[in-house]
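Okay, here's what each chain looks like letter by letter:
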Amino acid sequence: MNFLRGVMGGQSAGPQHTEAETIQKLCDRVASSTLLDDRRNAVRALKSLSKKYRLEVGIQAMEHLIHVLQMDRSDSEIIAYALDTLYNIISNDEEEEVEENSARQTEDLGSQFTEIFIKQPENVTLLLSLLEEFDFHVRWPGVRLLTSLLKQLGPPVQQIILVSPMGVSRLMDLLADSREIIRNDGVLLLQALTRSNGAIQKIVAFENAFERLLDIITDEGNSDGGIVVEDCLILLQNLLKNNNSNQNFFKEGSYIQRMKPWFEVGDENSGWSAQKVTNLHLMLQLVRVLVSPTNPPGATSSCQKAMFQCGLLQQLCTILMATGIPADILTETINTVSEVIRGYQVNQDYFASVNAPSNPPRPAIVVLLMSMVNERQPFVLRCAVLYCFQCFLYKNQKGQGEIVATLLPSTIDATGNSVSAGQLLCGGLFSPDSLSNWCAAVALAHALQGNATQKEQLLRVQLATSIGNPPVSLLQQCTNILSQGDKIDRRGSKIQTRVGLLMLLCTWLSSCPIAVTHFLHNSANVPFLTGQIAENLGEEEQLVQGLCALLLGISIYFNDNSLENYMKEKLKQLIEKRIGKENFIEKLGFISKHELYSRASQKPQPNFPSPEYMIFDHEFTKLVKELEGVITKAIYKSSEEDKKEEEVKKTLEQHDNIVTHYKNMIREQDLQLEELKQQVSTLKCQNEQLQTAVTQQASQIQQHKDQYNLLKVQLGKDSHHQGSHSDGAQVNGVQLEEVSRLREEVEELRSHQGLLESQLAEKDSLIATLKSSQASPVNEQASVTTSPRESEQVVELKQELTALKSQLNSQSLEITRLQAENHELLQRAEALAKSGESEAAAKTADAEGRLSALLQETKELKNEIKALSEEKTAIKKQLDSSNSTIAILQTEKDKLDLEVTDSKKEQDDLLVLLADQDQKILSLKSKLKNLGHPVEEEDESGDQEDDDDEMDDGDKDQDI
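Residues numbered from 1 in each chain as written. Predicted model: local features only at pLDDT ≥ 70, side-chain atom pairs only at ≥ 80, totals over all residues. Heavy atoms only, no water.

### So, the overall build of the chain
- Scanning the chain from N- to C-terminus turns up 40 helices and five strands.
- Across the 960 residues of the chain, 41% fall into the buried class.
- Across the chain, contacts joining residues at least 24 apart in sequence account for 73% of those joining residues at least 6 apart.
- Surface exposure of the chain reaches about 52700 Å², of which carbon and sulfur atoms provide 52%. (Helix = DSSP H or I, 4+ residues; strand = E, 2+ residues; numbered from the N terminus. Buried < 20%, exposed > 50% of the residue type's maximum accessible area, 1.4 Å probe, protein only. Contact = heavy atoms within 4.5 Å. Areas by Shrake-Rupley, 256 points an atom, 1.4 Å probe, with all protein chains shown as cover.)

Laid out in structure tokens, this is it:
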């Protein structure tokens, strides 16, 4: 026992043992000791050595610790020691700082021990079963150990948990634990579990994870909460990012509405702690996950709609216009608002109506553009504003028109009191700051993207360059800046400015022949472009050469040959003479081969590490991809092929116009036929209702006939036996009431019949009108195309209306017949008016007496049924309690049977041991006799010595 005392801190009297020997002896004690206290103390000693001697303990003790987890589950203390020891072996968490090499060795060691542990999947399943224990000393170490396993080797551990029965569900129970430390570590465990595993993410989501996590965030104080809120938000991002199923489940579960209180920060924002900034940043990122441009368009638009309806977008705009917001939160809020409004018209219209809280109020778009063109603002903020402006204009022709309108002469404020978005863009376009030039050029290009109308409108914009000089167009000013900047100093001209202007011109001229004509009308533009392309310049200028080649190619491809000197064929000849077709195509390919081109083409957001990387725009890369091939083909085409292509285009346009005309005509006729079908269906419904009413009336009349015949028979018997006719007045009164009611119903049927006849007359007139419209076709081809279809449908309508008429005629005949029968009933009822009254009164009194007796008997039966039901309920309760008692007794009996079986097994083992012992004693006695020793005396002394030895061993065990 001395080595154990040495491990636990006591003084050792014997020689010092090495650590490996000590660990080996402890492992032997865990494996071989029969006493639970001995095994528990040995495991506790291993736990104390596991941090310092991690490798030795892991190699020698891991198998024994797993065996302890399997066999000693009844003792929570030894299970807790074993779990802590395994955690120390596998985990790489160290408080003290270590060198880089030792840190790498530590990580390798943790992954190696993790691989050994999960080599048997039953070990992970065993650990999952231990997490069901409510004991804190078992559950918490189990959570930490499983988290460490997932951090070391995530995918294989995830797969084991995924195939384990109820594996994920057991882990979800951790979120409902009332002890915060277990709940919080459970969140960390689920973070590691759901990382990059879509199947587990779906299971966790459908185990009500969203509800529980949002409840935790609310309980912790939303954005004012601590690190627990941060962990919950990271877990929510793991569940939602790139998982369309979970995103749809999150939206349909109305969880987006619960995100609105997160952003209620108020105006007084002096107390922005670092944790609050982190929490709000993660909340904004979570919103962006739901409306990311990489999501399916349908899912994104539905989330955008929900965010507007619940007021989340309005709350984000409030933060956007508030004061005292930290810069990084403001930047992320701008990016979030950008993606919430991107491509969704309702949200874009709302954002256009948002005003900043200034005097006088200014639109939020204007305030943001002022930040974008201000070179003193942070670079990240300017990129965010540009992204917001791009998202506002994405698929928003209304917004594009509003922006371009602020540049037109008719809408410019002559007083100069207010600054418009167009003025800010023009100011940034011609600013000395190259970054402002690029941002303004890209923003203006997005105002023209895919909108030919606004491209033509922008040609009207005139700029006043200096006093005394005539105004020039915006298109001309852009080309002037390009050519003048190149002439003054090529090295000094900043590449961002030229690239921005060239991207704007390419976007402007593409798919707009009128703009191409205006561009070519300036005789200096084509020589400038050819000169730029033909020169052999350095690598920095190759991008500009490629953009110039693209602009010249657009001028050829979208040229309508309205200018004689710059027709397509002449421009191609110019390229072949001064540049060469192969050289031109090579220069055109410089764009897509640039190192920053592929980076910009990946995501719509302009996310650049520094201003030097701000070269390409995402939408422009799509334009280059679309036009590069067609321009290459256009350069190599001959004039004859161009003419044939133009003729084919004209023919197709004419054909499209004819088809569109016929489509519109057929659409109108379909609408008319649909209206007629609806009217026919309405008439059918009314006809069915009338038929139902007639059937009901006929059944009622039949009932009256039966009553009349019955009364007639009864009165005939009474007059034969008694000669009394006193009951006729009563019968007459009843019959008169029925007859009056029948008259009212007949009148209603007559009114319905008149209404139907009027409606039929209207339909006849409508059909006659339709026939007259068919008789005068629009043109010869239209009549050939549409008359058979219309005639068939009109014939069907006429047949249906004819059927309705025949049904109505039959109904009118039926009504006439019913009226005659009613008249006959009236006459018969009047004939019976002289019958007696006393007999009917006596029969009525007798019937009332019988009825009261039946009611009394029914009441008594109900009381008896109620008493029997109460007695049945009581007996059922007694039976349930007896069944529960029987089940409890059966369980106890099973336990006792198991204990008896175990006791029998132990007794059998003891008997075997005793038999072996007796055999050994007999053999020893025989040997002693052979040696000549007295057996009985030495046997007694031997027994005495054995007793002494057993006492000594007991004392030693007690010391341990």
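### Notes on unusual backbone geometry
- Geometrically, the link from Asn 359 to Pro 360 is a cis peptide bond, its omega value of -5° lying close to zero.
- Along the chain, Pro 360 falls in the loop between strand E1 (355–356) and strand E2 (362–363).
- Of note, Asn 222 is a non-glycine position whose phi angle comes to about 55°, a positive value.
- The exposure class of Asn 222 is buried, given its relative accessible area of 16%.
- At Ser 254, a position not held by glycine, the phi torsion is positive, near 60°.
- Residue position: Ser 254 is located in the loop between helix H15 (244–252) and helix H16 (274–290).

### Section: a negative patch on the surface
- Residues Glu 899, Asp 902, Glu 906, Asp 908 and Asp 909 make up a contiguous surface patch of negative charge.
- Checked against the element boundaries, Asp 902 lands in helix H39 (residues 838–931).
- What makes Asp 902 partly exposed here is its relative accessible area of 41%. (Patch = residues over 30% accessible without salt bridge, like charges linked within 9 Å, V, L, I, M, F, W, Y side chains within 5 Å. Salt bridge = Lys/Arg side-chain N within 4 Å of Asp/Glu carboxyl O. Lys, Arg positive; Asp, Glu negative; His and termini not counted. Charge placed at Lys NZ, Arg CZ, Asp CG, Glu CD.)

### Structural notes on helix H7 (residues 121–130)
- Taken across its 10 residues, H7 has seven buried, putting it largely inside the fold.
- Among the residues of H7, those classed as buried are Asn 123, Val 124, Leu 126, Leu 127, Leu 128, Ser 129 and Leu 130.

### With respect to the environment of Tyr 597
- Residue position: Tyr 597 is located in helix H34 (residues 595–600).
- Here the alpha-carbon distance between Tyr 597 and Ile 615, two residues 18 residues apart in the chain, equals 8.2 Å.

### As for the pattern of salt bridges
- Going through the model one piece at a time under the given rule, you end up with 22 salt bridges.
- Close ionic contact of Asp 75 with Arg 40 constitutes a salt bridge, the shortest N to O distance being 3.2 Å. Separated by 35 residues along the polypeptide, Asp 75 in the loop between helix H4 (54–71) and helix H5 (76–90) and Arg 40 in helix H3 (residues 36–50) bring together distant segments of the chain.
- Residue class for Asp 75 comes out buried when judged on its relative accessible area of 14%.
- Relative accessible area serves as the criterion here: at 14%, Arg 40 is assigned to the buried category.
- For Glu 132, the salt bridge identified is with Arg 170, shortest N-O distance 2.9 Å. Of this pair, Glu 132 sits in the loop between H7 and helix H8 (136–152) while Arg 170 sits in helix H10 (residues 167–172), and the two are 38 residues apart along the sequence.
- Taken together, the shared-partner salt bridges connect Asp 37, Arg 40, Asp 75 and Glu 77 into one network.

### Notes on the packing of H5 against H8
- H8 packs onto H5 with a crossing angle of 20° between their chain directions and a minimal axis gap of 9 Å. Taken together, the axis directions place H5 and H8 in an arrangement best described as roughly parallel. When you trace H5 past H8, the crossing you get is left-handed. Residues Ser 76, Ile 79, Ala 80, Leu 83, Asp 84, Leu 86, Tyr 87 and Ile 90 of H5 touch H8, and the partners they reach there are His 137, Val 138, Pro 141, Gly 142, Arg 144, Leu 145, Ser 148, Leu 149 and Gln 152. (Axes fitted to C-alpha atoms, helices over the stretch in contact; angles between N-to-C directions. Parallel < 35°, antiparallel > 145°, perpendicular 65-115°, else oblique. Left-handed = near helix turned anticlockwise from the far one by under 90°.)

### Quick notes on the environment of Leu 509
- Of note, Leu 509 is situated in helix H28 (residues 495–509).
- Judged by relative accessible area, Leu 509 falls into the buried class, the value being 0%.
- Separated by 53 residues in the primary sequence, Leu 509 and Glu 456 place their C-alpha atoms 9.7 Å from one another.
- Sequence-distant contacts of Leu 509, defined by excluding residues within four places in its chain, comprise Leu 475, Ala 515, Val 516, Phe 519, Leu 551, Ile 554, Ser 555 and Phe 558.

### Here we look at the packing of aromatic side chains
- A full pass over the atoms with the stated rule returns 12 aromatic pairs.
- Seen in terms of ring centroids, Tyr 557 and Phe 558 are 4.9 Å apart; in terms of plane orientation they differ by 90°. Their pairing is edge-to-face.
- A relative accessible area of 26% means that Tyr 557 is categorised as partly exposed.
- With centroids separated by 5.7 Å and ring planes inclined at 90°, the aromatic side chains of Tyr 597 and Phe 616 adopt a geometry described as edge-to-face. You can see Tyr 597 sitting in helix H34 and its partner Phe 616 sitting in the loop between H34 and helix H35 (618–636), a full 19 residues away along the chain. In terms of burial, Tyr 597 and Phe 616 fall into one category: buried.
- Each member of the aromatic cluster is reached from another via a ring pair, and the members are Phe 206, Phe 210, Phe 249, Phe 250 and Tyr 255.
- Positioned above the aromatic ring of Tyr 87 is the side chain of Arg 144, whose terminal nitrogen or guanidinium carbon lies 4.0 Å from the ring centre.
- If you follow Arg 179 out to its NZ or CZ, it ends over the ring of Phe 134, 4.0 Å from the centre. (Phe/Tyr/Trp six-rings, centres within 6.5 Å; stacked < 30°, edge-to-face > 60°. Lys NZ or Arg CZ within 6 Å of the ring centre and 35° of its normal.)

### Looking at the confidence of the model for the chain
- Summarising the model, the chain shows a mean pLDDT of 82, and 78% of its residues fall at 70 or more.
- Overall, residues 487–493 carries pLDDT values under 50, and its contacts beyond four positions in sequence, including any with other chains, amount to eight contacts.
- Every residue in residues 774–788 scores below 50 in pLDDT, and together they form 13 contacts with partners more than four places removed in sequence or on other chains. (pLDDT = per-residue confidence, 0-100.)

### Observations regarding the packing of helix H14 (residues 227–240) against H16
- Direction vectors running N to C along H14 and H16 enclose 15°, while the axes themselves pass 9 Å from each other. By the angle class used here, H14 and H16 are roughly parallel. Relative to H16, H14 is oriented so that their crossing is left-handed. In this structure, H14 contributes Ile 227, Val 229, Glu 230, Leu 233, Ile 234, Leu 236, Gln 237 and Leu 240 to the contact, and H16 contributes Gln 275, Thr 278, Asn 279, Leu 282, Met 283, Gln 285, Leu 286, Val 289 and Leu 290.
- Among the residues forming the contact of H14 with H16, the class breakdown is 11 nonpolar, five polar and one charged. (Nonpolar A, V, L, I, M, F, W, Y, C, P; charged D, E, K, R; others polar.)

### Details of helix H32 (residues 568–578)
- Looking only at H32, the buried set comprises Lys 568, Leu 571, Lys 572 and Ile 575. An end-on view of H32 places all buried positions within 100° of arc, on one side of the element. Exposed and facing more than 90 degrees away from the buried side of H32 are Lys 577 and Arg 578.
- Immediately downstream of H32, the backbone of Gly 580 shows phi near 95°, a positive value. (Arc of directions from axis to C-beta.)

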